[in-house]
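# Observations on the three-dimensional arrangement
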Amino acid sequence: MPTAMMRFYFVLIGMTLFSLRLFSQSSVSGAVVDKVSQKPIEFASVELFRLPDTILVKGTVTDKKGRYTITEIAQGNYFIRSSFIGYGNIQSTHFLLSENSKYEVGTIELLSAPNTLANITVTGTKAQLNTSIDRKVYNVEQDIMSRSGTASDILKNIPSVEVDVEGNVALRGSGDVMILINGKPNPLMGRTRAEVLQNLPANSIERIEVITNPSARYRPDGTSGIINIVLKKNIRNGFNGTTTINAGNKDRYNGNLSLNYRPKNFNLFGSYSFRNDTRLRYNNINRINLDSITLGAKSFYNQATNSVAKPRAHIISGGIDYTIDDKNSIGASGTYYYRKQIREDVATNLSFNNRNVITSDYDRLRYDPEVEKQKNATFYFQHNFAKEDHDLRVEFNTSKEDEIEDNHYTNIYRLPSPLTTMDNTLIAQGTKQNQLTADYSNSLSEDSKLEVGYDGLYNRVDLNFYGEYYDGSQNAFVKDAVKSNRFIYNEDVHAIYGTYQKSFEKFGYEIGVRNEAVFTRGHLINLDSFVTNNYFNVYPTVHLSYKAGESSELQLNYSKRVNRPEADELNPFPEYQDPRNLRAGNPKLLPEIIHSTEFGYKWQNKHFTIVPSIYYRYKQNGFTSVVIPLNDTTLLSTTQNLSNDQSAGLETILSAKAGNFLAASFSTNVFYNRINASNLGYIQNRSIYSFSSTLTSSFTITKTTMLQVSSNYRSARLTPQGKMYPAIVVNSGMRQDFLKNKLSVTLTASDIFSSQRQKMELNTPYLQQVSVGRRDGLIMFLGVSYRFGIIKKEKEEKLQFDNSL
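Residues numbered from 1 in each chain as written. Predicted model: local features only at pLDDT ≥ 70, side-chain atom pairs only at ≥ 80, totals over all residues. Heavy atoms only, no water.

Here we take up the overall build of the protein. Helix and strand counts for the protein stand at four helices and 49 strands. With 805 residues in all, the protein has 52% of them scored as buried. A fraction of 68% describes how many contacts in the protein between residues 6 or more apart in sequence connect residues 24 or more apart. Element-wise, carbon and sulfur atoms account for 58% of the exposed surface of the protein, whose accessible area totals about 35,000 Å². (Helix = DSSP H or I, 4+ residues; strand = E, 2+ residues; numbered from the N terminus. Buried < 20%, exposed > 50% of the residue type's maximum accessible area, 1.4 Å probe, protein only. Contact = heavy atoms within 4.5 Å. Areas by Shrake-Rupley, 256 points an atom, 1.4 Å probe, with all protein chains shown as cover.)

Okay, here's the thing in structure tokens:
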């Protein structure tokens, strides 16, 4: 670990020890539940008042069990008041607290607001950031987001999460992050997840969970951890809904309608979203091919590409939850996703010899109609045993995705002689995925819990490439055997896991282990050969926590993780979309094994919250993209395993609030990366420091007017063969509420300074290359949203912006 980071570690420890002041050890505990269902209420507000002057002493929120504990209280007379959005306030009886005592308030039962109050505004909010023993939760469900926003826009505002110019997502500097939807793997988050995230409406998301060191209950996939996107499922009583429509510049518009109906023992919910977009992209590549002996320039190459894409997406979802009795419930839900896109590219290609004389000049035109469809269904059964927090849940999820890219290319040559050629490439990918889980949870005592379960994932991927070229002599297109191939990949993962949690007053721990048996089989149809890799692995996890005081907490976590190659990363047949820049998988690619450790500290008071974390990752068989020259004009990009890769970093999240006027959040991630690529022919190790930050400020000008400004910055980044240059983007927006907050008008402007771009540099013994990609700059949206039913007005809301690329 770098010296500077070690210094900070000791400073952090010193600050922590200093904060361990001596207080009275008196404490108050209790629980908050729904009076009708008797289910615990998470994030309910709990306030401790002193008598006889009724002064607020301390406050907290309940955990996922509905439990709360307030410590370090002086002796005296008190009472507890609890509340939650959509519920009435309940006050406990008065009680006397003596010195060094522990008082159990008991269970507070909150009653949901009756339907006759459906048009009354309820004021309240969840904290923007919540931390528990193994995750950070960023609540967006009750934010009035920019109705123009997408999932990609939300991710850009989350600390240590980055989204690049192509829409690719990274967590703490690593793009190998697993993205789940509602806690489950989803085919949409595979090969085309960048496209999907740019079309998933922001107002369909309840919250995003960032889990950097998940417990053994979760899949161990992903180098840097898991990002779980939890979609909204309205459960409010009665009939409720929201409708939104937005219009933007350059033929951009989108809308959303969500409804739910909940009488007593069942809940019906559904939503529909559409999005029409226009994406203008510009990319430029300058390449110098070097003589490996003299190191002088052998030839030069330049490619300038202008791209226009017009995607249109539709998402329909719905479901039902039915409570059979006090102990049993069932449910079913489904989602249909449809995306159609027309993409047109013009790529001008110029080649020069070592005397800078043009040897080739042509345009490659691309017309690509794309279609992607996905169907998903989930069924569950849950049984609650007589004892509280003792349950069994069985869930089955099935999905099917089909994607087609129908690429039509025309090559118009000017040099060395006028000529026009045509070729087509049809890429068809079909994915079938089934998942069966059985999760058993039992609170063995007030301070201990056991979880065990089975998690089975069964994937089937069919990649089919069909290439053809126009034969003038036959006046017809003829199959190109070199560009045509088919690869079928099957992967079955069987996992059994167990975790045990225990707490001793201020100290808590969780240990877990996950045993996985993996069976993979790839079939290269053209070669009639098979690629198999069956293996068994054990993934242990350890999570420790210490409550240093009412306002501070320490956490130390470890997990062993894996990053498995996907089907297209194993398929050895090249993709010929760009004949000068080919891409191919590597059938010999091994899974990455990651050892991840994290030490974090949380401190908060009424106005500030600070969460610094130090993390370290050691990676074996790390994936890296390698560029190989096939000749003077053609490069092949593939993936290979590194010898090892080490990274360490410091993540700091600071939130501040100045009354009701200003709420701000600032996060930084400084990390060190060291790469050993000796097995790829590189003798020296490579290392670099890198930095990223996010700043969001919200100004409540009046009770119904809010202004927000946000920015994201990413510093230079190391790659095994070069580096990435820094990037920055600034967004702004305003929201105005009308009609007692039932109607909202929102105006947003993203990438105000047209600064979002991605510049990459490649330096090897045989070539030097610089590529720059950017989009068309400023995007603006004007949106209107209307809410009916039980209206919730939030105090701290964040607008989301269109930075999707």
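With that out of the way, let us pick up the environment of Thr-243. Within the secondary structure layout, Thr-243 lies in strand S17 (residues 238-248). Thr-243 sits in the partly exposed class, given a relative accessible area of 31%. Residues Thr-243 and Asn-256 lie 13 residues apart in sequence; the distance between their C-alpha atoms is 5.6 Å. Not counting residues within four places of it along the chain, the set of residues in contact with Thr-243 comprises Asn-256, Leu-257, Val-784, Ser-785 and Tyr-786.

Across the protein, pLDDT averages 83, with 88% of residues at or above 70. Every residue in residues 114-125 scores below 50 in pLDDT, and together they form 27 contacts with partners more than four places removed in sequence or on other chains. (pLDDT = per-residue confidence, 0-100.)

Moving on: the pattern of salt bridges. Within this structure, the stated rule accounts for 38 salt bridges. Put simply, Arg-564 and Asp-221 hold a salt bridge, and the shortest N to O gap is 2.9 Å. Residue Arg-564 is found in the loop between strand S32 (552-563) and helix H4 (567-570), and its partner Asp-221 is found in the loop between strand S15 (205-211) and strand S16 (226-231); the two are separated by 343 residues along the sequence. Residues Asp-455 and Arg-514 are paired through a salt bridge, measuring 2.9 Å at the closest nitrogen-oxygen approach. Here Asp-455, found in strand S26 (residues 448-471), pairs with Arg-514, found in strand S29 (residues 507-524); they are 59 residues apart in sequence, far enough to count as distant. Arg-514 shares its class with Asp-455; the two are buried. Beyond isolated ion pairs, a larger network of salt bridges with shared partners links Arg-219, Asp-221, Asp-455, Arg-514, Glu-516 and Arg-564. (Salt bridge = Lys/Arg side-chain N within 4 Å of Asp/Glu carboxyl O.)

Here we come to the packing of aromatic side chains. Per the stated rule, a full pass over the model turns up 17 aromatic pairs. Consider the rings of Phe-507 and Tyr-509, whose centres lie 6.4 Å apart with planes at 35°: the pair is tilted. The class for Phe-507 is partly exposed, based on a relative accessible area of 33%. Assessed through its relative accessible area of 21%, Tyr-509 is described here as partly exposed. Through a chain of ring-to-ring contacts, the aromatic side chains of Tyr-500, Phe-504, Phe-507 and Tyr-509 assemble into a single cluster. Over the ring of Tyr-409 we find Arg-364, and its NZ or CZ is 3.8 Å from the ring centre. If you follow Arg-393 out to its NZ or CZ, it ends over the ring of Tyr-380, 4.1 Å from the centre. (Phe/Tyr/Trp six-rings, centres within 6.5 Å; stacked < 30°, edge-to-face > 60°. Lys NZ or Arg CZ within 6 Å of the ring centre and 35° of its normal.)

As a rule of thumb, soluble globular proteins bury nonpolar side chains together. Counting residues in each nonpolar core, the largest one holds 28 residues, and the members touching the most others are Leu-155, Ile-158, Val-161, Val-169, Leu-197 and Ile-227. Elements supplying a minimum of two residues to this core: helix H2 (151-156), strand S12 (161-163), strand S13 (169-171), strand S14 (178-181), helix H3 (193-197), S15, S16 and strand S21 (297-323). Excluding anything up to four places from it in sequence, Val-169 contacts Leu-155, Val-161, Glu-162, Val-163, Gly-175, Val-177, Ile-179, Arg-193, Leu-197 and Ile-227. Within the second largest apolar cluster, 17 residues are counted, among which are Val-32, Ala-44, Leu-48 and Phe-95. (Core = buried A, V, L, I, M, F, W, Y, C linked by side-chain atoms within 4.5 Å.)

Another aspect to go through is the sheet that holds strand S4 (residues 67-73). Strand order in the open sheet formed by three strands is S4-S1-S8, with mixed pairing between adjacent strands. At either margin of the open sheet sits one strand with a lone partner, and together these are S4 and strand S8 (102-110). For this sheet the average axis-to-axis angle between neighbouring strands, irrespective of direction, equals 20°. (Pairing = 2+ DSSP bridges. Axes fitted to C-alpha atoms, helices over the stretch in contact; angles between N-to-C directions.)

Moving on: the sheet that holds strand S37 (residues 635-641). Overall, mixed pairing links the three strands, which are arranged S33-S37-S36 in an open sheet. The two strands at the open ends of the sheet, each matched to only one other strand, are strand S33 (581-583) and strand S36 (623-629). Adjacent strand axes in the sheet meet at a mean angle of 35°, parallel and antiparallel pairs treated alike.

Taken together, the side chains of Phe-239, Leu-257, Leu-259, Tyr-261, Leu-268, Ile-320, Tyr-322, Ile-324, Ile-330 and Phe-381 define a hydrophobic patch exposed on the protein surface, amounting to about 820 Å² of accessible area. Broken down by element, the residue count for the nonpolar patch peaks at three residues, all from strand S18 (residues 252-262). Turning to its location among the elements, Tyr-261 is positioned in strand S18. A residue is classified by how much of its surface remains accessible, and Tyr-261, at 39% relative accessible area, is partly exposed. (Patch = residues over 30% accessible without salt bridge, like charges linked within 9 Å, V, L, I, M, F, W, Y side chains within 5 Å.)

Next up on the list: the environment of Phe-781. Looking at the element boundaries, Phe-781 is found in strand S48 (residues 779-788). Its relative accessible area of 3% is what places Phe-781 among the buried residues. Considering only alpha carbons, one finds Phe-781 and Ala-247, 534 residues apart in sequence, at a separation of 5.5 Å.

Looking now at the side chain of Asn-254. If you trace the backbone, Asn-254 turns up in strand S18. A polar side-chain atom of Asn-254 sits 2.8 Å from a polar atom in the side chain of Asn-246. (Polar contact = N/O pair within 3.5 Å; in protein donor to acceptor, adjacent residues only side chain to side chain.)

With respect to the secondary-structure elements, Asn-228 resides in strand S16. The class for Asn-228 is buried, based on a relative accessible area of 6%. It is 7.9 Å that separates the C-alpha atoms of Asn-228 and Ile-211, two residues lying 17 residues apart in sequence. Setting aside residues no more than four positions away along its own chain, Asn-228 makes contact with Leu-180, Ile-181, Asn-182, Gly-183, Arg-207, Ile-208 and Glu-209. From its side chain, Asn-228 meets the backbone nitrogen of Gly-183 in a polar contact 2.7 Å long.

The next point concerns unusual backbone geometry. A cis amide bond links Leu-415 with the next residue in sequence, Pro-416, at an omega value of 10°. Relative to the elements of secondary structure, Pro-416 occurs in the loop between strand S24 (390-415) and strand S25 (419-445). You will see that Asp-251, though not glycine, has its phi angle at about 60°, which is positive. By secondary structure assignment, the location of Asp-251 is in the loop between S17 and S18. Residue classification places Asp-251 among the partly exposed positions, given a relative accessible area of 45%.

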